[in-house]
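# Structural overview for review
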Amino acid sequence: MKQRWLVVIVGLPALLAVLLACPAWATMLVVCGIAGIAAYELLHVAGKDAPVSVYVLTIVSAAAHEVLLYYREWTFFGSLETVTVLRWAFIMLLFLIAVHRFGRETPLAFSTLCVAVVGGIVFPTLYSAIALLRGCADCGIVFPAMYSCIFLLRMDENYGKVYVLAPFCVAFVGDALSMYFGMWFGKRKMAPHVSPHKTWAGAIGGPIGSALALVLLGLAGQKLLGYAPNYLMLILVGVVANVFGQLGDLSMSLIKREAGIKDYSHLFLTHGGMLDRFDSSMFIAPIVWFAVSGGLL
């Protein structure tokens, strides 16, 4: 219990300091770290004896995604094109390693290759929405969705500080109310083979907590930064984002169940690893970004 409170007391203020007090590029660096560590944890848990070269390629790809998506001026052909080249090169190198090692004592299984693609491309693409939400008006950021759509947004820097907190408010407050609803009213299990403690009552409480959290965030932004919230849309986004966050939580639990482990790592002591703490926010952040880029928030 002491370790859990230690992580909260130290980690939460540090995260808030980076998101709110530091320049926007600091958030990008934090997301680089989150994506890189998440890629390592996924390979370590779900990859079958992945060679060191695959670990290195996957982690580098995950971190590079965040940099290239955030700094358009660093790219060669444009942000979307450069990231597409990165993805192509990453996949080509993975298949080259697989072909080279086939028939040897330690081949690169196709299942492990797929795990590397998820860790090196899919996860960082989802996490990148966190850094993009923190972006400011003078850096014209873009986010590629489904490989073909580009959402362009130029936001006030102070508003970025409101938006970047939204995924975490949805995740943390939603998880808290979900837990209490489960304790108070939970009888029917939602997915007992994947997450034995999750109930349908908790699944209802989560969206309520997330909607309330975004309303409170909107009020705080209005009082402190002059942000003009649309409370109806805040409620709607909170509910929808929480539903996807629950899917993220269950999805990462599914991988752990298949691997027969409790936590992805002990990075946060008894709180588990990066994918244990930032699983739902990975699925939530793009929903918030879509709402912001579409002018709904």
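Described below are features of the structure shown in this document. (Residues numbered from 1 in each chain as written. Predicted model: local features only at pLDDT ≥ 70, side-chain atom pairs only at ≥ 80, totals over all residues. Heavy atoms only, no water.)

### Here's the deal with the overall build of the protein chain
In terms of helices and strands, the protein chain carries 10 helices and 4 strands. Written out in order from the N terminus, the α and β elements of the protein chain read α-α-α-α-α-β-β-α-β-β-α-α-α-α. Each of the 297 residues in the protein chain was classed as buried or not, and the buried ones make up 51%. If you take every contact in the protein chain between residues at least 6 apart in sequence, the share linking residues at least 24 apart comes to 68%. Taken as a whole, the protein chain presents about 14700 Å² of accessible surface, with 71% of it coming from carbon and sulfur. (Helix = DSSP H or I, 4+ residues; strand = E, 2+ residues; numbered from the N terminus. Buried < 20%, exposed > 50% of the residue type's maximum accessible area, 1.4 Å probe, protein only. Contact = heavy atoms within 4.5 Å. Areas by Shrake-Rupley, 256 points an atom, 1.4 Å probe, with all protein chains shown as cover.)

### Here we look at unusual backbone geometry
A positive phi angle, near 55°, is found at Asp49, a position not held by glycine. Inspection of the secondary structure assignment puts Asp49 in the loop between α2 (24–46) and α3 (52–70).

### A closer look at empty space enclosed by the protein
Here the idea is plain: a probe the size of a water molecule rolls over the atoms and shows the empty space left. In the structure shown here, the tally under the stated rule is 2 cavities of 30 Å³ or more. Roughly 60 Å³ of internal volume is contained in the largest cavity. Mapped onto the lining of the largest cavity, the elements with two or more residues apiece are α6 (157–185) and α7 (200–225). Considered class by class, the residues forming the lining of the largest cavity number 9 nonpolar, 1 polar and no charged. Empty space within the second largest cavity amounts to approximately 50 Å³. Taken together, Val170, Ala171, Gly174, Asp175, Ser178, Gly206, Asn242, Gly245, Gln246, Ser280 and Ile284 make up the lining of the second largest cavity. Of all the secondary-structure elements, those providing two or more residues to the lining of the second largest cavity are α6, α8 (231–259) and α10 (280–293). Looking at the lining of the second largest cavity, the element that brings in the most residues is α6, giving 5 residues. Residues of the lining of the second largest cavity, tallied by class, amount to 3 nonpolar, 7 polar and 1 charged. (1 Å grid on protein atoms, 1.4 Å probe; cavity = no way out; pocket = protein on both sides within 12 Å on 5 of 7 lines; lining within 4 Å. Points joined across faces, edges and corners; volume = space filled by probe spheres on them. Nonpolar A, V, L, I, M, F, W, Y, C, P; charged D, E, K, R; others polar.)

### Regarding the side chain of Ser293
Within the element layout of this structure, Ser293 appears in helix α10. Here the side chain of Ser293 touches Phe290 through a polar contact of 3.2 Å, landing on its backbone oxygen. (Polar contact = N/O pair within 3.5 Å; in protein donor to acceptor, adjacent residues only side chain to side chain.)

### A closer look at the pairing of strand β4 (residues 195–199)
The side chains of a regular strand alternate, first on one face of the sheet and then on the other. Where strand β3 (residues 189–191) lies against β4, 2 bridges are found, and the strand directions are antiparallel. Paired with Lys189 across the strands is Thr199, a residue of β4. Taken together, β3 and the strand that follows it, β4, pair antiparallel across an intervening segment of 3 residues. (Pairing = 2+ DSSP bridges.)

### Quick word on the nonpolar core
Ranked by size, the top nonpolar core spans 67 residues in total, and within it Val54, Phe123, Tyr127, Leu214, Leu275, Val288 and Leu297 carry the most contacts. If near-sequence neighbours (up to four positions away) are discounted, Leu214 is found in contact with Ala166, Cys169, Val170, Leu234, Val237 and Gly238. Met190, Ala191, Val194 and Leu250 belong to the second-largest nonpolar core, a separate cluster that totals 5 residues. (Core = buried A, V, L, I, M, F, W, Y, C linked by side-chain atoms within 4.5 Å.)

### Here we look at the environment of Ala220
Of note, Ala220 is situated in helix α7. Classification of Ala220 by relative accessible area gives partly exposed; the value is 32%. Along the chain, Ala220 and Val162 lie 58 residues apart, while their C-alpha atoms are 8.7 Å from each other.

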